[in-house]
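If you want the building blocks of each chain, they are given just below.
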There are 4 protein chains.
Amino acid sequence: MAEMLTLTPVCEVIVELGEPLDLGATRDGNRRITPILGGELRGARIAPVGEEHVVDRNYLDLRAVILPGGSDRQLVRADGAIEIDARYTAQTDGGHLVGVRTVGIRRVSHDGTYFRVAVRFETASQSLTDLQDSIFIADGIRERSMVRHVVYRVD
Amino acid sequence: MAEMLTLTPVCEVIVELGEPLDLGATRDGNRRITPILGGELRGARIAPVGEEHVVDRNYLDLRAVILPGGSDRQLVRADGAIEIDARYTAQTDGGHLVGVRTVGIRRVSHDGTYFRVAVRFETASQSLTDLQDSIFIADGIRERSMVRHVVYRVD
Amino acid sequence: MAEMLTLTPVCEVIVELGEPLDLGATRDGNRRITPILGGELRGARIAPVGEEHVVDRNYLDLRAVILPGGSDRQLVRADGAIEIDARYTAQTDGGHLVGVRTVGIRRVSHDGTYFRVAVRFETASQSLTDLQDSIFIADGIRERSMVRHVVYRVD
Amino acid sequence: MAEMLTLTPVCEVIVELGEPLDLGATRDGNRRITPILGGELRGARIAPVGEEHVVDRNYLDLRAVILPGGSDRQLVRADGAIEIDARYTAQTDGGHLVGVRTVGIRRVSHDGTYFRVAVRFETASQSLTDLQDSIFIADGIRERSMVRHVVYRVD
């Protein structure tokens, strides 16, 4: 029998959003494109609940700014749920570039808001290679004109 | 502060594989296509470690066979890691169809095998609508000519 | 000023279809998956209208069978048009594998049927490298349980 | 026997490019992201060579500016060919939004430069519905910091 999957928080992301472009009912559904203007990625210092605060050494050095030019190409489903599909690029303090893609769902029900994405990184940086070698998920919190994610590695 | 994400095991999947077709070094990289011949999805009866065994009521009724005709279009990276991209269709006991797509990674290191995927379902079945409304991840175990997944809902 | 694009017919394709699986109104729209059971690719001996029949030397040797296991993952739009997204693999007489993806549209109006796709090939075969280095389009004719394409290279 | 496909020029596109971000050798290959800063789409007044100049009535009204925020996520292949994958959004004089995606190839050989893409439009504008109902291809000419396309409908 396999062991349960575990989640390790590895970074926080803040994404700054511009004014959404609402294309309306296109061939793919109700398309809405939200520009990504900037933001930040920071290696996490969060520890799993009930454990001591342990800094994940792989992510200690991750401090990156999100470059303008990204976007979230959403589809607004008939039931009101939003299919998220965001792409953007970040640049680390050391000058390395990291591509980020988040795909997931945001929906509001009487139980609250469910906003979860799968996260895919691509980078040629040797020190960040783990970002390409693992699967990541994140929650999402929408605040005014920004989204805040905590990203977890699936271990 | 957001609460930690939690994982709820919701179903087990067994995927039966055919002989892989190795296309070699194509424009996209080393492409390998593994046919999916059959298999099965079953609603999970697994409970998180340390809790009592609780059957997730949403998934109790899920029992489906995987139809032949799917495939896993893998890319074998230069470092030996395999990018997984599988699509297949399952049919429930009640006759409903469920599309499944798994995207992720399988790599072997001195620490063992890391085989994790994000799972995306699509279905028009009212009783399975939660499969479209949530994010799912899974581990993977390769055994001879099959892959075994435990699929978790990201809560 | 750029010259007009020209089209060079390079091969004919016959795709044998199985019974479609109709998933109904899923998160992505009305999804229908048609299995691809077999078929054939043959290098064209067709010349542009008004010119002498010239055999394109690059394609003279292309003779391949389509392997079972492919599929066309269609979306049936509200206006009745069908978004085509087919993937399959063919094997040449020489044993080389060629991946094929066709993306396009089939719709019926009072002017007749419009069935056109963009075609993308991937192969590691040196003799077929032109298939990876050019853009291709095709018409489509649906006949009972098969589709017939003439594929053109965009020159 | 099917008739030959024909191409009808329908619009010209000018895409203004920013400084490319070179991610280097990522998991997907050598990734380079070129920001799209602006540009323009104009309904074509070009007629096929050898025919009289006929203005395509469907496209007479198309005059749109490309909004900043798009990008071309290229992969630079080992043989030097570039896989193009650009997405951007344009806004017409009438205020309608049109999403554009171009996928194709640019490569340089002793025969010159081959730069061809398949073009996919999405829009909810009734007057531009033909953009969603047909297949389009384009050539491309790179000039300093811009790309110039002539887009053809595949008839």
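Residues numbered from 1 in each chain as written. Chains lettered and ligands numbered in written order. Predicted model: local features only at pLDDT ≥ 70, side-chain atom pairs only at ≥ 80, totals over all residues. Heavy atoms only, no water.

### What about the pairing of strand β1 (residues 7-17) of chain B?
All names here are of chain B. The buried fraction of β1 amounts to nine of the eleven residues, a majority that puts the element mostly inside the structure. Across seven bridges, β1 lies against strand β3 (residues 29-43) in antiparallel orientation. When the sheet's bridge partners are listed, Glu-12 is paired in β3 with Arg-42. (Buried < 20%, exposed > 50% of the residue type's maximum accessible area, 1.4 Å probe, protein only. Helix = DSSP H or I, 4+ residues; strand = E, 2+ residues; numbered from the N terminus. Pairing = 2+ DSSP bridges.)

### Side note on the interface of chain B and chain C
Across the boundary between the two partners, chain B contributes 26 residues, which contact 26 residues of chain C. For the pairing of chain B and chain C, the buried interface totals around 2200 Å² over both sides, and the portion due to carbon and sulfur atoms is 47%. The largest share of the area that chain B buries against chain C comes from Leu23(B), Arg27(B) and Glu122(B), three residues that together contribute 29% of it. Inspection of the region where chain B meets chain C yields six salt bridges. Across the pair Arg73(C) and Glu122(B) runs a salt bridge, and its minimum N-O distance is 3.0 Å. Our count for the contact surface shared by chain B and chain C stands at twelve residue pairs in polar contact (both at pLDDT 80 or more). Elements represented by at least two residues in the side of chain B that touches chain C include exactly β2 (21-26), β3, β5 (70-76), β6 (82-92), β7 (97-109), β8 (112-123) and α1 (130-133) of chain B. With six residues, β2(B) is the single largest residue contributor to the side of chain B that touches chain C. (Contact = heavy atoms within 4.5 Å. Buried area = accessible area lost by both parts, 1.4 Å probe. Salt bridge = Lys/Arg side-chain N within 4 Å of Asp/Glu carboxyl O. Polar contact = N/O pair within 3.5 Å; in protein donor to acceptor, adjacent residues only side chain to side chain.)

### Notes on the relation of the copies chain B and chain C
Least-squares fitting of chain B to chain C yields an RMSD of 0.0 Å, with the superposition described by an axial translation of 0.0 Å and a rotation of 180°. Such a combination of rotation and displacement between the chain copies is what one expects of a two-fold axis. By C-alpha distance to the rotation axis, the residue of chain B lying nearest is Gly69(B), at 2.2 Å. Counting the interface residues of chain B, we find that 100% of their copies in chain C are interface residues as well, pointing to one common contact surface. (Least-squares fit on C-alpha atoms with pLDDT ≥ 70 in both.)

### Topic: the interface of chain A and chain B
Taken together, the contacts link 34 residues of chain A with 34 residues of chain B. Across the chain A/chain B interface, buried area totals approximately 2700 Å², and carbon plus sulfur atoms make up 65% of it. For the chain A face of the interface with chain B, the top three residues by lost area are Met4(A), Leu5(A) and Ile135(A), together amounting to 24%. For the pair chain A and chain B, the interface holds four salt bridges. A salt bridge links Arg120(A) to Glu83(B); the nearest nitrogen and oxygen atoms lie 3.2 Å apart.

### Focus: the relation of the copies chain A and chain B
Laying chain A over chain B is done by rotating through 180° and shifting 0.0 Å along the axis; what remains is an RMSD of 0.0 Å. Comparing interface residues between copies, 100% of those in chain A also lie at the interface in chain B; the contact surface is shared.

### Overview of the pattern of salt bridges
As enumerated under the stated definition, the model contains 56 salt bridges over all chains in all. In this structure, the salt-bridge partner of Arg42(B) is Glu40(B), at a minimum N-O distance of 3.7 Å. On the basis of relative accessible area, Arg42(B) is assigned to the partly exposed category, the value being 29%. Asp85(D) serves as the salt-bridge partner of Arg101(D), at 3.0 Å between the closest nitrogen and oxygen. Within this pair, whereas Arg101(D) is found in strand β7 (residues 97-109), its partner Asp85(D) is found in strand β6 (residues 82-92), the two being separated by 16 residues in sequence. Here the salt bridges do not stand alone but share partners, grouping Arg27(A), Asp28(A), Arg31(A), Arg73(A), Arg77(C), Asp79(C), Glu83(C), Arg120(D), Glu122(D) and Asp133(D) into one network.

### Thoughts on the confidence of the model for chain A
Residues and elements named next belong to chain A. Averaged over all residues, the pLDDT of chain A equals 90, while 88% of them reach at least 70. Predicted confidence for residues 46-50 stays below pLDDT 50, and this span has ten contacts to residues more than four positions away or in other chains. Among the scores for the predicted complex, ipTM is 0.90 and pTM is 0.92. (pLDDT = per-residue confidence, 0-100.)

### Considering the side chain of Asp139(B)
Residues and elements named next belong to chain B. Checked against the element boundaries, Asp-139 lands in strand β9 (residues 136-139). Summary of buried charges: Asp-139 has no salt-bridge partner, and the nearest side chain of opposite charge, Arg-116, is 5.6 Å away. Of note is the side chain of Asp-139, whose polar atom sits 2.9 Å from the backbone nitrogen of Val-150. (Lys, Arg positive; Asp, Glu negative; His and termini not counted.)

### Some remarks on the environment of Gln74(D)
Residue and element names in this part refer to chain D. The topology assignment puts Gln-74 in strand β5 (residues 70-76). Taking relative accessible area as the criterion, Gln-74 reaches 5% and is therefore assigned buried. Each C-alpha atom, one on Gln-74 and one on Phe-136, is 20 Å from the other, the two residues being 62 residues apart in sequence. Only 2.8 Å separates the side chain of Gln-74 from the side chain of Asp-72, close enough to count as a polar contact.

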